[in-house]
Amino acid sequence: MNELPKILTSKTKIRFQDCDPLNHLNNSKYLDYLINAREDQLIEHYDLNIFENAKKTGTTWVVGSHQIAYLRPANVMETVTIESQLLHYGKKQLLVEIRMYNEEKTELKAVMWSSFVHFNVLKGKAHEHNEQFLSLFENVQLPVAETNFDERVKSLRMVSIS
């Protein structure tokens, strides 16, 4: 079996309709770009389509919270690189970090921590991950040294400055 990547990477272009009058990506649209990239990366790298899974099993992940830091503007028609990784997992939850850079990854534009709760749609409540998911998470989890979001943002900023 091939080893699965722990950091997933993709590129996308910032579109005009998602920008403000200054031609910067609108703050609310960062969420769309970051979450859409993560969904696509899961399909491409882990063969995990959360929408197909929901249809088959009645379970999915719902957002528990987002923490986002906007560090540099993403500009209209700019190609950006988006990376994501699973920081932590538990019986019913996930913590994912998603970062947006310029195309060459020399400038960090945004970082987001998202917590997701595994949810049974049919029962309307949180649901424990099955063994297949726990095994996947164990193989791809990549924790970071920082224990809170503000520390992590500060650390990433220091790396992007040097």
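Just so it is clear, the structure is predicted and the values come from calculations on it, not from any experiment.

Peer 1: Got a minute to help me understand the overall build of the protein in this structure?
Peer 2: From N to C terminus, the protein includes 4 helices and 6 strands. The N-to-C order of helical and strand elements in the protein reads β-α-α-β-β-β-β-β-α-α. C-alpha atoms of the protein, sized along the principal axes, occupy 45 × 35 × 30 Å. Residues classed as buried in the protein amount to 41% of the 162 residues present.

Peer 1: What am I meant to see in the packing of aromatic side chains here?
Peer 2: The relation between two aromatic rings is expressed through the spacing of the ring centres and the mutual angle of the planes. Within this structure, the stated rule accounts for 5 aromatic pairs. Each ring, one from Y30 and one from Y70, has its centre 5.0 Å from the other, and the planes form 75°; the classification is edge-to-face. Of the two residues, Y30 is situated in helix α1 (residues 27-46) and Y70 in strand β2 (residues 59-70); the sequence distance between them amounts to 40 residues. What makes Y30 buried here is its relative accessible area of 2%. Classification of Y70 by relative accessible area gives partly exposed; the value is 37%. Geometrically, the ring pair formed by W61 and F133 is edge-to-face, given 5.0 Å between the ring centres and 75° between the ring planes. Placement of the pair is W61 in strand β2 and F133 in helix α3 (residues 131-140), with a sequence separation of 72 residues. Neither residue differs from the other here; W61 and F133 are each classed as buried. The rings of W61, Y89, F133 and F137 are connected pair by pair, giving a single aromatic cluster. Above the plane of the ring of Y101 lies K105, whose end atom (NZ or CZ) is 5.6 Å from the centre.

Peer 1: Would you mind going over unusual backbone geometry with me for this structure?
Peer 2: Negative phi characterises most residues that are not glycine, and trans characterises most peptide bonds. In this structure, M77 is a non-glycine residue whose phi angle is positive, near 65°. Mapped onto the elements, M77 comes out in the loop between β2 and β3 (79-89). One non-glycine residue with positive phi stands out, namely K105, at about 65°. Judged by relative accessible area, K105 falls into the partly exposed class, the value being 40%.

Scoring rules and cut-offs
- Starting from 1, residues in each chain are numbered consecutively following that chain's sequence as written.
- Whole-chain, interface and lining totals are the exception, using all residues; otherwise, since this is a predicted model, local features are given only for residues with pLDDT of at least 70 and side-chain atom pairs are given and counted only at 80 or more.
- Side-chain metrics in this entry use all non-hydrogen atoms of the structure; hydrogen atoms and water are not considered.
- Each helix is a run of H or I in the DSSP string that is no shorter than four residues. Each strand is a run of E no shorter than two, and both are numbered from the N terminus.
- With a 1.4 Å probe rolled over the protein chains alone, any residue whose accessible area is under 20% of its type maximum counts as buried; one over 50% counts as exposed, and the rest are partly exposed.
- Centres within 6.5 Å make a pair out of two Phe, Tyr or Trp rings, where for Trp the six-membered ring is used; the pair is then stacked when the planes are under 30 degrees apart, edge-to-face when over 60, and tilted otherwise.
- Charge-over-ring contacts are defined here by two conditions on Lys NZ or Arg CZ: a distance within 6 Å of the ring centre and an angle within 35 degrees of the ring normal.

These figures come from the coordinates and say nothing about function on their own.
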